[in-house]
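Now for the letters of each chain:
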Amino acid sequence: MFFHQLLSTDFRIEARKAELHGNINQYFANLSFGSKRLIRLTKKRPTQPLRRLLPFPAAVHPNPHSLPPMAAPGTAAGSSRSKHMIGRSLSPRTAMTGGSMDRLTDDILADIISRVPYKSTCCCKCVSTWCRDLITHPDHRAKMPQSLVGFFCESDDMARFPRKARHFINAFAQGCPPLVDTSLSFLPKHKNLHILDGCNGLLLCCLRKGTDTDEILHYVVCNPSTEKWVVVPTTDWSSSAEVYLAFDPAVSSHFHVCELVDCGAWHDDDTGIIGDIAAVVIYSSKTGVWSHKADAWSGSSITIPSGAKSVFFRGELHFCAYDNQLIAIDVEENNWKVIPLPSTVTVSYDIYLSHGQLHFACIGPSQLSIWVLDPSSENWTLKCNISHLQLFGTEYSAYADDYDVISIHPEDNLIFIVAGHMQTLMSYEMDSMKRRIIRPLGSVSNRVRCIPYVPLFLESLADGH
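Residue positions are given per chain, counting from 1 as you read along its sequence in written order. Where totals are concerned, whole chains, interfaces and linings use all residues; where local detail is concerned, this predicted model gives features only for residues with pLDDT of at least 70, and gives and counts side-chain atom pairs only at 80 or more. Only hydrogens and water are set aside; all other atoms, that is, all heavy atoms of the structure, feed into the side-chain values.

**Q** Where do I start with the sheet that holds strand 8 (residues 255-262) in this structure?
**A** Picture the strands of a sheet paired through backbone hydrogen bonds; they go either parallel or antiparallel. For two strands to be treated as a pair, DSSP must find at least two bridges joining them. Per the convention used, a helix needs a DSSP run of H or I reaching at least four residues, while a strand needs a run of E reaching at least two, with both numbered from the N terminus. If you trace the four strands from one edge of the open sheet to the other, you get 7-8-9-10, paired in antiparallel fashion. Each edge of the sheet is formed by a strand with only one pairing partner; in this case those strands are strand 7 (242-247) and strand 10 (289-291). Going from strand to strand, the sheet's axes swing by 25° on average, the running direction of each strand aside. Here strand 7 pairs with strand 8 via six bridges, running antiparallel. By the bridge assignment, L245 is partnered in strand 8 with V257. Helix axes use the C-alpha atoms of the stretch in contact, all axes being lines fitted to C-alpha atoms, and the angles between their N-to-C directions lie in the range 0 to 180 degrees.

Here it is as structure tokens:
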């Protein structure tokens, strides 16, 4: 009955309309439950070909604008139109016994699977070795959605030599070797590079003039999974600016580097208050130049905490500022706006992206509160309150006075925290209320910087090596 519904004429007509209106993601979200059902069905019928059991209707086509008109139910396609059989209206019986599903190539199936949510892709991998190999094949892997695998961690300790250290931590596979080259040895002068930010699989690094100076010689944007990289020139303010990377591979292979310059560095005189943002200078890999809008921030009083995290979402770079403010910068137009944070917040630092929505974590005296932003109304909704007793238990109760939220999982209700004198990395599952100690990062004079990493297997990197 499940596949009969998927292959019914009305369902396929609606699916085709959704594709033609550019709503393919919403359409496949409606099918996200199908892969789990598929596993149960294949266990009952292991001898049937997998292609006949895939929970995708015959109307799906990678290029919806090339679809021919839908045939009437029961109408046979002529031989001259046999190349369009994928988009034809077939009876459920025909689809179940072969038909156009058997004519789908691996490339088309990979393109279909790549449009479903990450969890559904993982379920598809469990169906059979053929489906697993299809998804993990190097030719198809670049298309598939990826998720958080671990963290690049950098520590800075004046009492040791070398002063800076970098390592990679697998978030879910303890004891396994790093998934990428932690040293970034594919980069020139990699020993002197420092990671500043990361965004959707790319890392923003800088090469400093020396170990005891903050002067930056140039930036490097690289992809650790493919070892592609490109050099980005610096500006007159690079050594004192807060720097962020903005990149969305679903939109473009080009990226932006954003420098937030405060009044002390921007003005030669005493104009403005030191610490307030005076300008945002943006580099575009598409144009290869830095640009800024004159007086775009004049009259404002926006100050951000040093090292505040950012999220690039829907073309805007988001980061938290003091006075309960969330700042959103359109990197293309270099416009900005302020979104008020929840009124209960007294000290705000970081923003996160999970389940396709912006999340904010507020650390209170006795609990951790997670808020979710409604993008249409720009109002915040309380997702959950987690008491410190729930979060750490009695065994780790001392962590309640010294912890930071470093990330929220993109697809799961999973929070990652660094806590205590040994800076222990741990996770907390909001639904099951279970905590897991991942590993201590070590006792250093400053807090270890942890940058979430999601692999990106696309070979293209604009103007890269």
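Let us keep going from here.
**Q** Explanation requested: the packing of aromatic side chains in the structure shown.
**A** Geometrically, a pair of aromatic rings is defined through the distance of the ring centres and the angle of the planes. Between rings of Phe, Tyr and Trp, where Trp is taken as its six-membered ring, a pair exists when centres lie within 6.5 Å; planes separated by under 30 degrees are stacked, by over 60 edge-to-face, and by other angles tilted. On inspection of all chains with the given rule, the structure shows 15 aromatic pairs. Note on Y396 and Y399: the rings are 5.4 Å apart at their centroids and 25° apart in plane angle, and the pair reads as stacked. Through a chain of ring-to-ring contacts, three or more aromatic side chains come together here, namely Y219, F255, Y283 and W290.

**Q** I'm lost on the confidence of the model for the protein chain in this one. Help?
**A** Low pLDDT marks stretches whose predicted atomic positions should not be read closely. Summary statistics for the protein chain give a mean pLDDT of 76 and a share of 70% for residues scoring 70 or more. pLDDT is defined as a per-residue confidence score from the predictor, taking values between 0 and 100. Here, residues are in contact when the closest pair of their heavy atoms is within 4.5 Å. Scored below 50 in pLDDT, residues 1-98 makes 145 contacts in the model with residues more than four places away or belonging to other chains.

**Q** What is the right way to look at the layout of surface pockets in this model?
**A** Regions of empty space are outlined by a rolling probe, equal in size to a water molecule, passed over the atoms. Roughly 270 Å³ of internal volume is contained in the second largest pocket. Forming the boundary of the second largest pocket are 15 residues, of which V251, S252, H254, H256 and E332 lie nearest the centre. Each residue receives one of three labels: charged for Asp, Glu, Lys and Arg, nonpolar for Ala, Val, Leu, Ile, Met, Phe, Trp, Tyr, Cys and Pro, and polar for the others, Gly being one of them. A breakdown of the residues in the lining of the second largest pocket according to their chemical character gives five nonpolar, six polar and four charged. Buried and open spaces are told apart on a 1 Å grid over the protein atoms alone, a cavity being a set of points where a 1.4 Å probe fits but cannot get out and a pocket being an open set with protein on both sides within 12 Å along at least five of seven lines. Residues with an atom within 4 Å of a point are the lining residues. Grid points are joined across faces, edges and corners, and a volume is the space filled by probe spheres set on the points.

**Q** Hey, could you run me through the side chain of D276 in this one?
**A** One can find D276 in the loop between helix 10 (263-266) and strand 9 (277-284). Buried and without a salt bridge, D276 has K293 as its closest oppositely charged side chain, separated by 21 Å. Any pair of N or O atoms that falls within 3.5 Å is considered a polar contact. Within protein, one atom must be able to donate a hydrogen and the other to accept it, and sequence-neighbouring residues count only if both atoms are side-chain atoms. A polar atom in the side chain of D276 sits 3.2 Å from the side chain of S301. In this structure D276 touches V261, D262, C263, S300, S301, I302 and T303, once residues within four positions along its chain are discounted. Residue exposure (1.4 Å probe, protein chains only): buried if accessible area is under 20% of the type maximum, exposed if over 50%, otherwise partly exposed. In this tally, Lys and Arg are treated as positive and Asp and Glu as negative; His is ignored, and so are the chain termini. Any Lys or Arg side-chain nitrogen located within 4 Å of an Asp or Glu carboxyl oxygen qualifies as a salt bridge.

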